[in-house]
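Geometric and topological summary
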Amino acid sequence: MKKVIFLFTLVFIFNSCGSLNEIVNNLPQSSSGVLSQADIGMGLKQALDQGINKEVSKLMAKDGFYKNELVKIVLPEELQKVDNGLRKIGLSGVADEGLKLLNRAAEDATKEALPIFVDAVKGISFNDAKQILLGDQRAATTYLENSTQQALYAKFSPIINNKLGEVGATKLWSGAITKYNALPLTSDVNPDLTDYVTQKALEGVFKMIAQEETQIRSKVSSRGTDLLQRVFALQD
């Protein structure tokens, strides 16, 4: 019976207001048997939680970056020259190990993301939730990105820097670059590996969250709770 009342209410509001924005604005502030503004806020929080818990957790595991072609960190353009040079002189193993170490650093750093994400999700207001609901296919991810990018970079960068040093990536690539720079007819390279890996790790994290958000928006079967189904039925 509640579902019938809910549907009739939406039809009435839609006919009288004519837009999703007005429908959302005219929903009750608190629950009264139909979807409310508070429900929308909670639903969007659930959507972000689902994306974070399902997708970001994958990146924390061993090979979470390295064996995921969507987010695998490849070498910066400058180091690709080094990579190609090493392979030409029979040092493919060195090049492969160096690439793996970059991804291991990103996997370790991602473990520090969850508390920052939790705080950002807690801070979502109804106005934030409304803009997310009315936004594009990655609006929730964009909100999270804008809310956490600076804090995540500050958290990721020292971890990645330490990890690159700890596992020998910095030493390995410094040695590789030295060998490359010693080759005739090459231009010397000196990229900032820590900044590069940090930026790529963040890109990977948000790419995975955006992927889950798209699934939630486009597939009813991906909406893991009754509330998610009710909230995103508005945008359907």
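Before reading further, recall that the structure is shown in the block above.
Notes on the structure in this doc start here. (Residues numbered from 1 in each chain as written. Predicted model: local features only at pLDDT ≥ 70, side-chain atom pairs only at ≥ 80, totals over all residues. Heavy atoms only, no water.)

Structural notes on the overall build of the protein chain
Each helix and strand in the protein chain was counted, giving 11 helices and zero strands. Taken from N to C terminus, the helices and strands of the protein chain fall in the order α-α-α-α-α-α-α-α-α-α-α. Counting across all 236 residues of the protein chain, residues that qualify as buried make up 44%. Carbon and sulfur atoms make up 53% of the accessible area of the protein chain, which totals about 12000 Å². (Helix = DSSP H or I, 4+ residues; strand = E, 2+ residues; numbered from the N terminus. Buried < 20%, exposed > 50% of the residue type's maximum accessible area, 1.4 Å probe, protein only. Areas by Shrake-Rupley, 256 points an atom, 1.4 Å probe, with all protein chains shown as cover.)

Focus: the nonpolar core
Phe117, Leu144 and Phe156 are the most contacted members of the largest nonpolar core, which totals 52 residues. Top contributing element to this core by residue count: helix α10 (residues 193-218), with 10 residues. (Core = buried A, V, L, I, M, F, W, Y, C linked by side-chain atoms within 4.5 Å.)

With respect to the packing of aromatic side chains
One pass over the structure, following the stated rule, counts one aromatic pair. Relative to phenylalanine 206, the ring of phenylalanine 117 lies with its centre 6.1 Å away and its plane at 75°, an arrangement referred to as edge-to-face. With phenylalanine 117 in helix α6 (residues 114-122) and phenylalanine 206 in helix α10, this pair connects stretches of sequence that are 89 residues apart. A relative accessible area of 0% places phenylalanine 117 in the buried class. (Phe/Tyr/Trp six-rings, centres within 6.5 Å; stacked < 30°, edge-to-face > 60°.)

Quick notes on helix α8 (residues 139-166)
Of all the bends in α8, the greatest, near 55°, is centred on threonine 148. Of the residues making up α8, those classed as buried are Ala139, Ala140, Thr141, Tyr143, Leu144, Thr148, Leu152, Phe156, Ser157, Ile160, Lys163 and Leu164. (Bend = angle between axes of the 7 residues up to and from the residue.)

Re the side chain of lysine 163
Along the chain, lysine 163 turns up in helix α8. Judged by its relative accessible area of 16%, lysine 163 falls in the buried class. At a separation of 2.9 Å, a polar atom in the side chain of lysine 163 contacts the side chain of aspartate 108. Dropping the residues within four chain positions of it, lysine 163 is found in contact with Ala105 and Asp108. (Polar contact = N/O pair within 3.5 Å; in protein donor to acceptor, adjacent residues only side chain to side chain. Contact = heavy atoms within 4.5 Å.)

A short note on the pattern of salt bridges
Counting across every chain of the model gives 10 salt bridges. The shortest N-O distance in the salt bridge between glutamate 212 and lysine 54 comes to 3.5 Å. Remark: lysine 54 occurs in helix α3 (residues 37-60) and glutamate 212 occurs in helix α10; sequence separation between them is 158 residues. What makes glutamate 212 buried here is its relative accessible area of 2%. When its relative accessible area of 44% is taken as the criterion, lysine 54 is described as partly exposed. (Salt bridge = Lys/Arg side-chain N within 4 Å of Asp/Glu carboxyl O.)

Quick notes on α6
The set of residues buried in α6 consists of Ile116, Phe117, Ala120 and Val121. End-on view of α6: buried residues confined to an arc of 130°, all on one side of the axis. More than 90 degrees from the buried face of α6, the exposed residues found are Pro115, Asp119 and Lys122. For α6, the secondary structure elements touched by its buried residues are α3, α8 and α10. (Arc of directions from axis to C-beta.)

Here's the deal with unusual backbone geometry
The backbone of aspartate 63 shows a phi angle near 70°, a positive value even though the residue is not glycine. Inspection of the secondary structure puts aspartate 63 in the loop between α3 and α4 (77-88). Among the residues examined, aspartate 63 registers a relative accessible area of 17% and is labelled buried.

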